[in-house]
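Each chain, written out:
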Amino acid sequence: MTRAFLALSLLALALPLHAQEVSPQRLKADVETLVGFGTRHTMSSPTDPKRGIGAARAWAKAQFAASSAACGQCLSIATPETTVTGERLPSPTKIVDVVAIQRGSERPNEVVIVAGHIDSRVSDVMNATADAPGANDDGSGTALVLEAARVLSRQKFPTTIVYAVLSGEEQGLYGGKLLADYAKAQGWTVKAMFNNDIVGNSRGSDGLVDDTHVRVFSEGPRGDGDAALARAQRAIGGENDSPSRNLSRWLAGLTNPAQTGPGQTGLAVRQVWRADRMGRGGDHLPFEALGYPAVRFSVAVENYDRQHQDLRTEQGRAYGDTIDAMDFAYLAKVTRLNVAGLAALARAPMPPVATVKAAVQTFTEVSWKPVPGAARYAVWQRRTDAPGWPAKPVRVTTQTQVTLPGVRGDDWFFGVSAIAADGSASPVASAVPGGGFGPQAQN
Ligand SMILES: [Zn+2]
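Residues numbered from 1 in each chain as written. Predicted model: local features only at pLDDT ≥ 70, side-chain atom pairs only at ≥ 80, totals over all residues. Heavy atoms only, no water.

- The name given to the protein chain in an unreviewed UniProt entry is M20/M25/M40 family metallo-hydrolase, and the organism recorded there is Novosphingobium pokkalii.

**A look at the coordination of the zinc ion**
Link 1 in the chain: Protein coordination at the zinc ion: the donors are His117 (NE2), Asp137 (OD), Asp197 (OD) and Asp197 (OD), at 2.0 to 2.5 Å from the metal.
Link 2 in the chain: Every donor counted, the 4 donor atoms about the zinc ion form angles of 54 to 145° at the centre, which fits irregular coordination. (Donors = N, O, S within 2.8 Å, 3.2 Å for Na, K, Ca; no water. Tetrahedral: all angles 85-135°; square planar, octahedral: opposite > 155°, others 65-115°.)

**Overview of the packing of helix 5 (residues 139-152) against helix 11 (residues 328-347)**
Packed helix pairs are characterised by how far apart their axes lie and by the angle those axes make with each other.
Link 1 in the chain: Running from N to C, helix 5 and helix 11 cross one another at 50°; their axes reach a closest spacing of 10 Å. When the axis of helix 5 is compared with that of helix 11, the two are oblique. You can see that helix 5 and helix 11 cross each other, and the crossing is right-handed. On helix 11, the residues that touch Ser140, Leu144, Glu147, Ala148, Val151 and Leu152 of helix 5 are Leu331, Val334, Thr335, Asn338, Val339, Leu342 and Ala343.
Link 2 in the chain: Taken together, the residues that form the contact of helix 5 with helix 11 break down as 9 nonpolar, 3 polar and 1 charged. (Axes fitted to C-alpha atoms, helices over the stretch in contact; angles between N-to-C directions. Helix = DSSP H or I, 4+ residues; strand = E, 2+ residues; numbered from the N terminus. Parallel < 35°, antiparallel > 145°, perpendicular 65-115°, else oblique. Left-handed = near helix turned anticlockwise from the far one by under 90°. Contact = heavy atoms within 4.5 Å. Nonpolar A, V, L, I, M, F, W, Y, C, P; charged D, E, K, R; others polar.)

**Observations concerning the confidence of the model for the protein chain**
Link 1 in the chain: Looking at the protein chain, the pLDDT average stands at 95 and 95% of residues meet or exceed 70.
Link 2 in the chain: Between residues 1-13, whose pLDDT stays under 50, and residues either more than four places distant or in other chains, the model counts 3 contacts. (pLDDT = per-residue confidence, 0-100.)

**Some points on the packing of aromatic side chains**
Link 1 in the chain: One pass over the full model with this rule turns up 5 aromatic pairs.
Link 2 in the chain: Between phenylalanine 37 and tryptophan 59, the aromatic rings sit 6.3 Å apart at their centres with planes inclined by 55°, giving tilted as the arrangement. With phenylalanine 37 in the loop between helix 3 (24-35) and helix 4 (53-70) and tryptophan 59 in helix 4, the pair connects residues that are 22 residues apart, well separated along the chain.
Link 3 in the chain: Residue classification places tryptophan 59 among the buried residues on the basis of a relative accessible area of 15%.
Link 4 in the chain: Their ring planes at 70° and their centres at 5.3 Å tell us that phenylalanine 194 and phenylalanine 297 sit as a pair that is edge-to-face. Of this pair, phenylalanine 194 sits in strand 7 (residues 189-196) while phenylalanine 297 sits in strand 10 (residues 294-299), placing them 103 residues apart in sequence.
Link 5 in the chain: The side chain of arginine 312 reaches across the aromatic face of tyrosine 319, ending 4.3 Å from its centre.
Link 6 in the chain: In this structure, arginine 382 packs its charged tip against the face of tryptophan 389, placed 4.7 Å from the ring centre. (Phe/Tyr/Trp six-rings, centres within 6.5 Å; stacked < 30°, edge-to-face > 60°. Buried < 20%, exposed > 50% of the residue type's maximum accessible area, 1.4 Å probe, protein only. Lys NZ or Arg CZ within 6 Å of the ring centre and 35° of its normal.)

**As for the environment of isoleucine 53**
Link 1 in the chain: Mapped onto the secondary structure, isoleucine 53 falls in helix 4.
Link 2 in the chain: Setting aside residues up to four positions removed in sequence, isoleucine 53 forms contacts with Thr39, Arg40, His41, Thr42, Ser44, Ser45, Ile118, Asp119 and Ser167.

Here it is, written out as structure tokens:
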């Protein structure tokens, strides 16, 4: 057995079947098609059959329809839309998201969402006519979403997966807002939203290469927090324990070989504990603003010559978001990690809302509300200055409360995860003010 074959076999053992099916060739073909629409600027033609955002959206919808046809119409396709005027949209412009919904067999109201944005831009954000290939930003995220739908629609899950191709990101995160509002209007219980934006290159503008990490951005203080929550967190903590932050920790655990998670993709998560990069944003932010757990996946090293740039060469240096600066083996790894994460979350229950009672006593009581689909619960405990949860919980129980004798609660943070009968475990929800995975108004 050659070493390469052995390595491949080990990878095959570690990766769940669906993640193995992700194809770098299909991802590349999809990005090539997206680039072929010339520009996908939000103000480009919505009706031209060949060039512009309308043609690109129609193609994405057809890809979802093909995946659905292959699984006995297991996807329902929706195209929520709104008309927006704004600083970067001087005249009323239609924003349309293309969404495929794979309904869960047991708890269809619980959803996990994967998204990328299909719109593109050049140096001038208002230029809707110049060629704007948007190969990496965000052809990469769009291709990832389409591929996730192809691969995961071959299986059934107890809860719902939503695949979303968003518009209007570059003009002001309008498609993300539209989908977050849509989720709220549907009354969905949003377990997680994965925003994939710029996920397909491994070489930075300074030549630095990293194809073994992906960054995951998450907010600390939750976006739907109010003054009362701020007061409670000032008093007893919780600013580092939002649901988005715990979702980030859970994703990092998926790729940690020590925890033998299903995300062994040759890619480790580098958690970035801020909502997004400095001075920049993405479509996860409108979700966090409504109180939904959300993270942004983005490459380990960005290539600034290849983002938001007119296509040109200056002194031998190429600018513009073209395919030749991408790494499709890397994009496939990020896609596999997303697919593993989506599948695991779609099988897991919702994390329970937990509270802790430990004031002025030598023991700690942790209790939580039961959640549908949970066969048992795990109780977690970490030092207040520890970055993440330890490898093992302190208790596993079928009850909805535990007493930890001799544990002085002041010195620890606690959390609870829910575990399905098949062993699929939810992220940990922290027993702190604002730790619940639902919008703050519902916790
Ligand atoms: Zn982007």
